[in-house]
Amino acid sequence: MKILENDLSQRRAQKLYRERLVLESPQGVEVRVGEDTLLSFCSNDYLGLANDPRVIAAFQQGAKQYGVGAGASHLVSGHSRAHHALEEELADFVGAERALLFSTGYMANLGVMSALTDRNGAIFEDRLNHASLIDAARLARAKVTRFPHVEVSRLAGLLAHTPRPKLITTDAVFSMDGDIAPLTGLSDLAAKHGARLLVDDAHGLGVLGQNGRGTLEHLGLALALPVILMGTLGKALGVFGAFVAGEEALIETLIQRARTYIYTTALPPAVAEAVRASLRIVQEDGWRRERLRALVAQFRAGAERLGLVLLPSLTPIQPVVFGTSEAALQASQHLREQGILVPAIRPPTVPEGSARLRITFSAAHETAHVDRLLEALSAIRV
Ligand SMILES: *Cc1c(COP(=O)(O)O)cnc(C)c1O
């Protein structure tokens, strides 16, 4: 029986084999991998907070005050003052009645969707939704329909023919493309059809909107029915964890029914303390969002001069599509030889034939870093 070995060698042959890098340094603009110091354009630490001294200090203080482990699930005895305060601050920040912490965004999506739908329900997903939203629909066991990427009118047609209770879900900023979902249209459509709309703002929170409240703020939308917001704390907020925000009855329902909330250990309270510090910085440091916008504009102008094909993204996610996995791997390898770290993103993370370099920017990057990236990209021939 060589089933696993055969599968693995097939993956290798298809250039789909994945390997991990071992970082010797904290996350940052420069990371150490083995003996090499690499200029990184691939983390989701968009605001440069993952290694911020104030966030680290809050984490240390939290560990002194609460110890390391939460010791139990939230419903048993693991819900500390730190968690509770963070939930209130997050709800305030995004303008919701309540917020509920989850251990990861993946679990939050699973929890919400399986708590709100069952076999009798219908779930509608944008075709490019994150894997956690796809998996969540499976766990919910509802009838799943995937609609063409950002095509609100196509979704309208599908909804009209479904008598079941409906849940629509979308990435707010698409994780591998960087474009923004048509949330206004989706929200109107959901309201019209009595559906809920779960918005996964993993990549917008902290980054988009005047105050960093995310994609809803960017689009001038309130967090009100039918919208449910899922935000993550391990990307722009630089720490770990996730939350769901919405109306009182929604949060109470999740506490009663969301299995990935109920049957798992609460986040370490020190993590909650670190997020509280980072949330303050997100609100105070508007310059970090300004800096990101400037870096993205610099990159797009330079890349267009080089004739690179960019996607219509205004966010810090700036993919360069190469097509085959082999071409994307070669491009990544070329950058690596120039001391630049951007792994190739291949199927099934992205659709077949659209393997890419997913370049991401951080407020900690400097103009000169972007110049170096552009210069290295200019030498790639595929
Ligand atoms: C990263 C990500 C998640 C998962 O969040 P984690 O906290 O890392 O589990 C969910 N949705 C999207 C769109 C993401 O990019």
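Remember, it's a predicted structure, so these values are computed and weren't measured experimentally.

1. Looking at the packing of aromatic side chains
Using the criterion set out here, one finds 3 aromatic pairs in the structure. Ring centres 5.2 Å apart and planes at 55 degrees place the aromatic pair F299 and F361 in the tilted group. Note that F299 is positioned in helix 13 (residues 286-305) and F361 in the loop between strand 13 (355-360) and helix 15 (367-378), a separation of 62 residues in sequence. With a relative accessible area of 0%, F299 lands in the buried category. For F361, a relative accessible area of 0% corresponds to the buried category. Here the aromatic cluster, defined as three or more aromatic residues joined through ring pairs, consists of F41, F299 and F361. A cation over an aromatic ring shows up here: R12 above the ring of Y17, its NZ or CZ 3.9 Å from the ring centre.

2. As for the layout of surface pockets
Taking a probe equal in size to a water molecule and rolling it over the atoms shows the remaining empty space. Of the pockets and cavities examined, the largest pocket occupies roughly 1,200 Å³. Forming the walls of the largest pocket are 34 residues, and the residues nearest its centre are E19, P343, A344, I345 and R346. Per-element accounting of the lining of the largest pocket gives the leading share, 5 residues, to helix 14 (residues 325-337). In this model, the second largest pocket occupies a volume close to 380 Å³.

3. Some remarks on the packing of helix 13 against helix 15
Relative to each other, helix 13 and helix 15 sit at 25 degrees, their axes nearing to 10 Å. Overall, the two elements helix 13 and helix 15 adopt an arrangement that is roughly parallel. Two packed elements cross with a definite hand, and for helix 13 against helix 15 that hand is right-handed. Mapping the contact onto sequence places L295, Q298, F299, G302 and A303 in helix 13 and T367, V370, D371, L373, L374 and L377 in helix 15. Within the contact of helix 13 with helix 15, the residues separate by chemical class into 7 nonpolar, 3 polar and 1 charged.

4. Describing the site of the ligand
The immediate surroundings of the ligand are formed by 13 residues, with G105, Y106, D200, H203 and K235 found nearest. A distance of 2.7 Å separates an oxygen atom of the ligand from a polar backbone atom of G105. One nitrogen or oxygen atom from the main chain of Y106 is found 3.0 Å from an oxygen atom belonging to the ligand. Protein chains shield 82% of the accessible area of the ligand, which is 380 Å² for the free molecule. No other element matches helix 5 (residues 105-116), which puts 3 residues into the shell around the ligand. Its residues placed into classes, the shell around the ligand shows 2 nonpolar, 8 polar and 3 charged.

5. What to know about the packing of helix 5 against helix 10 (residues 248-257)
At their nearest, the axes of helix 5 and helix 10 sit 10 Å apart, and the two run at 95 degrees to each other. As summarised for this structure, helix 5 and helix 10 are arranged roughly perpendicular, according to the angle between their axes. The segment helix 5 lies against helix 10, with G111, V112, A115 and L116 engaging L250, T253, L254 and R257. Taken together, the residues that form the contact of helix 5 with helix 10 break down as 5 nonpolar, 2 polar and 1 charged.

6. A short note on the nonpolar core
If you look at the biggest cluster of nonpolar residues, it comprises 81 residues, and the most contacted ones within it are F243, F299 and I359. Ranked by residue count, the leading element in this core is helix 12 (residues 269-284), at 7 residues. Discounting residues that sit within four places of it in the chain, F243 has contacts with L90, V94, A99, L100, L101, F102, L205, L229, M230, G231 and L233. Counting 26 residues, the second largest nonpolar core, distinct from the first, contains L110, V112, A115 and L198.

7. A look at unusual backbone geometry
When glycine is set aside, most residues are seen to have a negative phi, and most peptide bonds are trans. Following L225, the chain continues to P226 via a peptide bond in cis, the omega torsion being 10 degrees. By the secondary structure assignment, P226 is in the loop between helix 9 (215-219) and strand 8 (227-232). A cis amide bond links P347 with the next residue in sequence, P348, at an omega value of 5 degrees. Relative to the assigned elements, P348 resides in the loop between strand 12 (344-345) and strand 13.

8. Topic: the sheet that holds strand 3 (residues 98-102)
Overall, mixed pairing links the 7 strands, which are arranged 3-9-8-7-6-4-5 in an open sheet. Edge positions in the sheet fall to strand 3 and strand 5 (143-147), since each of these pairs with one other strand and no more. On average, each strand axis in the sheet is inclined to that of its neighbour by 20 degrees, with strand direction left out of account. Across 4 bridges, strand 7 (residues 196-200) lies against strand 8 in parallel orientation. By the bridge assignment for strand 8, V199 is matched with L229.

Thresholds, definitions, all that
- Residues numbered from 1 in each chain as written.
- Predicted model: local features only at pLDDT ≥ 70, side-chain atom pairs only at ≥ 80, totals over all residues.
- Heavy atoms only, no water.
- Phe/Tyr/Trp six-rings, centres within 6.5 Å; stacked < 30°, edge-to-face > 60°.
- Helix = DSSP H or I, 4+ residues; strand = E, 2+ residues; numbered from the N terminus.
- Buried < 20%, exposed > 50% of the residue type's maximum accessible area, 1.4 Å probe, protein only.
- Lys NZ or Arg CZ within 6 Å of the ring centre and 35° of its normal.
- 1 Å grid on protein atoms, 1.4 Å probe; cavity = no way out; pocket = protein on both sides within 12 Å on 5 of 7 lines; lining within 4 Å.
- Points joined across faces, edges and corners; volume = space filled by probe spheres on them.
- Axes fitted to C-alpha atoms, helices over the stretch in contact; angles between N-to-C directions.
- Parallel < 35°, antiparallel > 145°, perpendicular 65-115°, else oblique.
- Left-handed = near helix turned anticlockwise from the far one by under 90°.
- Contact = heavy atoms within 4.5 Å.
- Nonpolar A, V, L, I, M, F, W, Y, C, P; charged D, E, K, R; others polar.
- Near = heavy atom within 4 Å.
- Polar contact = N/O pair within 3.5 Å; in protein donor to acceptor, adjacent residues only side chain to side chain.
- Areas by Shrake-Rupley, 256 points an atom, 1.4 Å probe, with all protein chains shown as cover.
- Core = buried A, V, L, I, M, F, W, Y, C linked by side-chain atoms within 4.5 Å.
- Pairing = 2+ DSSP bridges.

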